[in-house]
Amino acid sequence: LISPRVRLSLRRIIFNINIMASTSELKDALVESMTYSGAMARIRARVRAEIAHALDVGDASHDVHSDTTTKVPFETTFIHELVREYLRFHNLRDTAGVFVPEAGMADAPPFDRAFMARRLGVPDDTESQAVPLLYALVERSKAWASMPTQQQQQQQQQQ
């Protein structure tokens with residue numbers, strides 16, 4: 001014979017075991033769904049960014065943007081914006097979510113693509129707007145690399 005008190009305790013244990021199984025199944029289903037949708041990767045990236053930020057607090061020696069009196073050089077800001085454009089183009093939101101705050105960048109870009117294209121001396125027409133400006137720089141460097149060097153030109157002229 002089981003006393004009512006023990007019976008109640010057993011019911012609670014069985015109930016809790018069922019809840020734990022249901023909770024475990026729910027957790028597994030949520031993790032799977034969030035992994036499939038990409039939310040889990042975004043959460044992990046955000047956690048990594050927060051951890052990196054927490055570790056850097058008070059350690060200004062590694063943070064080029066920590067001193068608010070020091071102005072970030074234009075070239076640095078420009079390069080950061082080229083990287084941001086590239087990350088957005090490839091839908092690398094998690095990477096951008098870590099990069100933008102870590103680089104001390106504003107949420108809104110400080111200048112537009114047309115300005116950056118003019119500064120780089122690359123076209124900003126409909127065709128070139130289909131890809132990030134970094135691609136135009138790579139193409140231009142390929143063209144430069146394929147051009148004969150001055151020494152090669154002199155050797156060709158001597159022959």
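Refer to the structure presented above.
Source: prediction; values computed, not measured. (Residues numbered from 1 in each chain as written. Predicted model: local features only at pLDDT ≥ 70, side-chain atom pairs only at ≥ 80, totals over all residues. Heavy atoms only, no water.)

**Some words on helix H2 (residues 39-56)**
Owing to its 3.6 residues per turn, the α-helix aligns residues three or four sequence positions apart on the same side. Here H2 spans 26 Å end to end across 18 residues, near enough to the 26 Å set by a 1.5 Å rise per residue. Those residues of H2 that sit buried are Ala39, Met40, Ala45 and Ala49. (Helix = DSSP H or I, 4+ residues; strand = E, 2+ residues; numbered from the N terminus. Expected span 1.5 Å × (residues − 1). Buried < 20%, exposed > 50% of the residue type's maximum accessible area, 1.4 Å probe, protein only.)

**Points about the packing of aromatic side chains**
This structure, assessed with the given rule, holds seven aromatic pairs. For the pair Phe78 and Phe111, a centre-to-centre distance of 5.7 Å together with 35° between the ring planes defines the contact as tilted. Of this pair, Phe78 sits in helix H3 (residues 74-89) while Phe111 sits in the loop between helix H4 (93-102) and helix H5 (113-120), and the two are 33 residues apart along the sequence. By the burial criterion, Phe78 is buried, and Phe111 matches it. Judged by centre distance (5.1 Å) and plane angle (45°), the rings of Phe111 and Phe115 are tilted. Through a chain of ring-to-ring contacts, the aromatic side chains of Phe74, Phe78, Phe111 and Phe115 assemble into a single cluster. (Phe/Tyr/Trp six-rings, centres within 6.5 Å; stacked < 30°, edge-to-face > 60°.)

**Topic: the environment of Arg93**
Relative to the elements of secondary structure, Arg93 occurs in helix H4. Spatially, the C-alpha atom of Arg93 lies 9.8 Å from that of Ala41, the residues being 52 residues apart in sequence.

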